[in-house]
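Commentary on secondary and tertiary structure
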Amino acid sequence: AQSVTQPDIHITVSEGASLELRCNYSYGATPYLFWYVQSPGQGLQLLLKYFSGDTLVQGIKGFEAEFKRSQSSFNLRKPSVHWSDAAEYFCAVGTNRDDKIIFGKGTRLHILP
Amino acid sequence: GAGVSQTPSNKVTEKGKYVELRCDPISGHTALYWYRQSLGQGPEFLIYFQGTGAADDSGLPNDRFFAVRPEGSVSTLKIQRTERGDSAVYLCASSRDRAGGSPLHFGNGTRLTVT
């Protein structure tokens, strides 16, 4: 069965600084990988997804993520964060063998002015 | 178009009571998921429907939880003999087809409080 780990519960960065949120997955074959964002009082919104092909994927709001098979990772990055990026970020993994999508516990991002 | 709709948005019930939570997915989406999110946690998988059938119900915590999707559209999550530990936000999501191949679209959730 697949699983996903987000090692950082909280991350604090200054506005304008770069950001990297870590995600590690466990699955024997090629996974489907997702990043979702949840702002206070809002539903979960898809930022980006990886299914196959180019391992660097671009998403909405200036986010990108890179699939690294050798490290079983799918880290989320943004070159310059904005105060509005403060939210909770969830990495999720699915497979082509079943359709269960499993979420990590999330990383809460705080932005310093 | 309309997104995933969940009703009610909030539900307060007494311990031991029965509750039903409703999910109206995006029109035409064949896959429907239920998740449960406790405070400070990620969404926890409960059950997944492909059409009318429950393709995977391995996440339901016990036999007090049951979900149906009789016509392949609206789904209802049913919880019998509620316990305080059932308090959480229950999220519904739908997907155009097999969710391995297309992303999930989430509703805003139903916040269940068991007193």
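Structure report, in brief. (Residues numbered from 1 in each chain as written. Chains lettered and ligands numbered in written order. Predicted model: local features only at pLDDT ≥ 70, side-chain atom pairs only at ≥ 80, totals over all residues. Heavy atoms only, no water.)

Our focus in this paragraph is unusual backbone geometry. Along the chain, Thr 7 of chain B connects to Pro 8 of chain B via a cis peptide bond; the corresponding omega equals -10°. With respect to the element layout, Pro 8 of chain B can be found in the loop between β1 (5-7) and β2 (10-13). Despite not being glycine, Lys 61 of chain A has its phi angle at roughly 60°, a positive value. Locating Lys 61 of chain A in the fold gives a position in the loop between β7 (56-58) and β8 (64-68). The exposure class of Lys 61 of chain A is partly exposed, given its relative accessible area of 45%. Even without a glycine there, the phi angle at Arg 81 of chain B is positive, about 45°. In this structure, Arg 81 of chain B sits in the loop between β8 (75-79) and β9 (88-95). Given the relative accessible area of 46%, Arg 81 of chain B is considered partly exposed. (Helix = DSSP H or I, 4+ residues; strand = E, 2+ residues; numbered from the N terminus. Buried < 20%, exposed > 50% of the residue type's maximum accessible area, 1.4 Å probe, protein only.)

Here the focus is the interface of chain A and chain B. Residue-level contacts link 22 residues of chain A with 22 residues of chain B. Scanning the region where chain A abuts chain B turns up one salt bridge. Taking the shortest distance from any N to any O, the salt bridge between Asp 56 of chain B and Lys 100 of chain A comes out at 3.7 Å. Summed over the shared surface of chain A and chain B, the number is six residue pairs in polar contact (both at pLDDT 80 or more). Contributing elements (two or more residues each) for the side of chain A that touches chain B: β5 (32-38), β6 (44-50) and β11 (102-103) of chain A. (Contact = heavy atoms within 4.5 Å. Salt bridge = Lys/Arg side-chain N within 4 Å of Asp/Glu carboxyl O. Polar contact = N/O pair within 3.5 Å; in protein donor to acceptor, adjacent residues only side chain to side chain.)

Below, the discussion takes up the pattern of salt bridges. Residue and element names in this part refer to chain A. Scanning all chains against the criterion turns up ten salt bridges over all chains. Note that Glu 64 and Arg 77 form a salt bridge whose closest N and O atoms lie 3.2 Å from each other. Pair noted here: Glu 64 is in strand β8 and Arg 77 is in strand β9 (residues 73-78), with a separation of 13 residues, a long-range link. The salt bridge involving Glu 88 is made with Arg 108; its shortest N-O contact spans 2.8 Å.

Here the focus is the nonpolar core. Of all hydrophobic cores here, the largest spans 27 residues; its most connected members are Leu 19, Trp 35, Leu 47, Leu 48, Phe 74, Leu 76 and Tyr 89 of chain A. Among the secondary structure elements, those contributing two or more residues to this core are β2 (10-14), β3 (19-21), β5, β6, β8, β9, β10 (87-94) and β12 (107-112) of chain A. Sorting elements by how many residues they give to this core places β10 of chain A first, with four residues. Each residue touching Phe 74 of chain A, except ones within four places of it in the same chain, is listed here: Cys 23, Leu 33, Phe 34, Trp 35, Leu 48, Tyr 50, Val 57, Ala 65, Glu 66 and Phe 67 of chain A. Counting residues in hydrophobic clusters, the runner-up holds 20 residues, among them Val 19, Ile 26, Trp 34 and Ala 88 of chain B. (Core = buried A, V, L, I, M, F, W, Y, C linked by side-chain atoms within 4.5 Å.)

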